[in-house]
Amino acid sequence: MDNNDENSTEDTATAVNHSNISNTDGRRKLQYHSRYPEDIKIKIKIEAMVLAAVVVGALVVSLLVVGLSNNTNIFWLNDVLERLVGSSIPKFLTYVFVGCFGTIGGATFSIKWLIHSVAKGYWNEDRVYWRYFVPLTSCIISVVFTALVFSELIRPFDHKEFGNWSVCIWFGFLTGYFSDSLIGVLNNLSNALFGTVKDSKPGER
């Protein structure tokens, strides 16, 4: 067997072995250069830094919430909140704490999709707004579901469980991460409470 035949056999074996490797993103072995132009790589890096900053910021705020909950020198804030929103400090801080981890859950979801879209070559500028706003909508959804639990309209568990920080963490994170699915739940809930608006012909209303 000459060298050419030997090299051909090795290339074939490499190709066969390579075909069994997952997560190649359609690349060949040692094809490591980015497929994106420089200006797009800058935008991707900015997006990644913004999402990372959202996670860090939400964690910082959640730590401040824990600190406030143990501070006995802010009794005046309790009276203010009681008059404004009818909530005491512990309940108000629960909303903030759950909202923080809802934001983290949404940001985690955005980061996951950013990683996959960049690696597989499907990153596009039109999806940037979606990934930026997912953490915000996730925060809102987590707070709304917390309010639903406190109001006892839905009862996945006793709202008294929110006195445990661990419960607030997993509830906020999961409602934030799966906020898209929970929007569907809210839609079903609104249909059950208020009914649906059916199409009608002009003049029938």
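Here is what the cut-offs are and how they apply
Residues numbered from 1 in each chain as written. Predicted model: local features only at pLDDT ≥ 70, side-chain atom pairs only at ≥ 80, totals over all residues. Heavy atoms only, no water. Axes fitted to C-alpha atoms, helices over the stretch in contact; angles between N-to-C directions. Helix = DSSP H or I, 4+ residues; strand = E, 2+ residues; numbered from the N terminus. Parallel < 35°, antiparallel > 145°, perpendicular 65-115°, else oblique. Left-handed = near helix turned anticlockwise from the far one by under 90°. Contact = heavy atoms within 4.5 Å. Nonpolar A, V, L, I, M, F, W, Y, C, P; charged D, E, K, R; others polar. Salt bridge = Lys/Arg side-chain N within 4 Å of Asp/Glu carboxyl O. Buried < 20%, exposed > 50% of the residue type's maximum accessible area, 1.4 Å probe, protein only. Polar contact = N/O pair within 3.5 Å; in protein donor to acceptor, adjacent residues only side chain to side chain. Phe/Tyr/Trp six-rings, centres within 6.5 Å; stacked < 30°, edge-to-face > 60°. Expected span 1.5 Å × (residues − 1). Core = buried A, V, L, I, M, F, W, Y, C linked by side-chain atoms within 4.5 Å.

Chemist: Sorry, what's going on with the packing of helix α5 (residues 128–151) against helix α6 (residues 165–177) here?
Modeler: Helix-helix packing is described using two parameters, namely the angle between the two axes and the distance between the axes. At their nearest, the axes of α5 and α6 sit 8 Å apart, and the two run at 125° to each other. By the angle class used here, α5 and α6 are oblique. For the element pair α5 and α6, the recorded crossing hand is right-handed. Contacts from Ser138, Ile141, Ser142, Phe145, Thr146 and Val149 of α5 reach α6 at Phe171, Gly172, Thr175 and Gly176. A breakdown of the residues in the contact of α5 with α6 according to their chemical character gives four nonpolar, six polar and no charged.

Chemist: Would you explain the pattern of salt bridges in this entry?
Modeler: Between side chains of opposite charge, a pair can form when the charged atoms approach closely. All told, the structure shown has three salt bridges when counted by the stated rule. Among the ionic pairs, Glu38 bridges to Lys41, the shortest N-O distance being 2.8 Å. You can see Glu38 and its partner Lys41 sitting in helix α2 (residues 38–69), three residues apart, about one turn around the helix. For Arg131, the salt bridge is made with Glu47, and the minimal N-O distance between the two is 2.3 Å. Remark: Glu47 occurs in helix α2 and Arg131 occurs in helix α5; sequence separation between them is 84 residues. On the accessibility criterion, Arg131 (2% relative accessible area) is buried. Take Glu47: its relative accessible area is 1%, and that puts it in the buried class.

Chemist: Explanation requested: the side chain of Ser142 in the structure shown.
Modeler: Mapping Ser142 onto the fold places it in helix α5. Of the polar contacts made by the side chain of Ser142, one reaches the backbone oxygen of Cys139; its length is 2.7 Å. Other than its neighbours up to four places away in sequence, Ser142 contacts Val98, Gly99, Gly102, Phe171, Gly172 and Thr175.

Chemist: Teacher, can you tell me more about the packing of aromatic side chains here?
Modeler: Describing an aromatic ring pair means giving the distance of the ring centres and the angle of the ring planes. Summed over all chains, the structure comprises nine aromatic pairs. A ring pair is formed by Phe109 and Trp130, whose centres lie 5.9 Å apart and whose planes are at 70°; its orientation type is edge-to-face. Of this pair, Phe109 sits in helix α4 (residues 89–120) while Trp130 sits in helix α5; the two residues are 21 residues apart in sequence, bridging distant segments of the chain. For the pair Phe109 and Tyr177, a centre-to-centre distance of 5.3 Å together with 85° between the ring planes defines the contact as edge-to-face. In this pair, Phe109 is assigned in helix α4 and Tyr177 in helix α6, connecting sequence segments 68 residues apart. As far as the burial class goes, Phe109 and Tyr177 line up, both buried. Members of the aromatic cluster, connected to one another through ring pairs, are Phe109, Trp113, Trp130, Phe173, Tyr177 and Phe178.

Chemist: Can you help me understand α6 in this one?
Modeler: Residues that lie three or four places apart on an α-helix share one face, since the helix turns once every 3.6 residues. Across its 13 residues, α6 extends 18 Å between first and last C-alpha, which sits within 8% of the 18 Å expected from 1.5 Å per residue. Buried within α6 we find Val167, Cys168, Phe171, Gly172, Thr175, Gly176 and Tyr177.

Chemist: Can you help me understand the nonpolar core in this one?
Modeler: Side chains of a nonpolar character, in soluble globular proteins, are inclined to be buried together. Within the largest apolar cluster, 22 residues are counted, with the highest numbers of intra-cluster contacts made by Phe145, Phe157, Phe162 and Phe171. If you list the elements that add at least two residues to this core, you get α2, α4, α5 and α6. Top contributing element to this core by residue count: α4, with eight residues. Apart from residues lying up to four places away in sequence, Phe157 is in contact with Val149, Phe162, Val167, Trp170 and Phe171. Core analysis: the next-biggest nonpolar cluster, separate from the first, contains seven residues, Tyr36, Ile40, Trp123 and Val128 among them.

The analysis is restricted to geometry; functional conclusions fall outside its scope.
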